[in-house]
Amino acid sequence: AEITKLTEVIYKQRSLGATRLIGRAIDRMRLSEDGRMAQLYVLQSDYDELGAVKSDCDELINYAREIKTVEIAMFLRQVAQEKFKVSFRSKKYVDVSSLAVAFGGGGHKYAAGCTVDGNLEKVSRQIWEAAEKLL
């Protein structure tokens, strides 16, 4: 097998819809004043509008986490009219599993998630305020 070609196909190619979804999520990114928290989201309507699929969301949280100053990254993906799947990531010292557990989810110290009922504004605010308390 040609490792270079396999790497290219597996890791260095994406659909136009996936690329557009990355742009949309980054455009919507919210960063705390001190830069230690970042939050981005995707709505169900974005898939059809941009030609993306749900699996295109799998790595979106990393665009927030990779920001140099960010300790807590949060990604919200709408799964129903009033329901969001939320992913949390941290880098060094915040245990995001405690954050996920507070919302009925679970995970590990540096990677966790949950599902939260409510509209975007409510869910976004709730997890933002809870995350702030961990910093």
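Bear in mind the structure is a predicted one, so any value in this text is a computation, not a measurement.

When helices and strands are tallied, the chain shows 6 helices and 6 strands. Start at the N end of the chain and walk to the C end: the helices and strands fall as α-α-β-β-α-α-β-β-α-β-β-α. Relative to a compact globule of 135 residues, whose C-alpha radius of gyration would be 14 Å, the chain shows 15 Å and is just as compact. Principal axes of the C-alpha set define a box for the chain whose edges measure 45 × 35 × 25 Å. Counting all 135 residues of the chain, 37% fall into the buried class. When contacts within the chain are restricted to residue pairs at least 6 apart in sequence, long-range pairs at least 24 apart make up 57% of them.

With that out of the way, let us pick up the pattern of salt bridges. Scanning the entire structure with this criterion turns up 6 salt bridges. A salt bridge links R28 to D46; the nearest nitrogen and oxygen atoms lie 2.6 Å apart. Within this pair, whereas R28 is found in the loop between α2 (16–27) and β1 (30–31), its partner D46 is found in helix α3 (residues 44–50), the two being separated by 18 residues in sequence. D117 is the salt-bridge partner of K83, the closest N and O atoms lying 3.3 Å from each other. A residue pair is termed long-range when its members are at least 10 positions apart, and K83 in strand β4 (residues 83–90) and D117 in strand β6 (residues 111–117) qualify at 34 residues. Connected through shared salt-bridge partners, R24, R28, D46 and E49 make up one network.

Summarising the element assignment, E71 is placed in the loop between α4 (61–65) and β3 (72–80). Nearest to the buried, unbridged E71 among oppositely charged side chains is K92, at 6.2 Å.

Reading the values: the criteria
- Residues numbered from 1 in each chain as written.
- Predicted model: local features only at pLDDT ≥ 70, side-chain atom pairs only at ≥ 80, totals over all residues.
- Heavy atoms only, no water.
- Helix = DSSP H or I, 4+ residues; strand = E, 2+ residues; numbered from the N terminus.
- Rg over C-alpha atoms; globule rule 2.2 N^0.38 Å.
- Buried < 20%, exposed > 50% of the residue type's maximum accessible area, 1.4 Å probe, protein only.
- Contact = heavy atoms within 4.5 Å.
- Salt bridge = Lys/Arg side-chain N within 4 Å of Asp/Glu carboxyl O.
- Lys, Arg positive; Asp, Glu negative; His and termini not counted.

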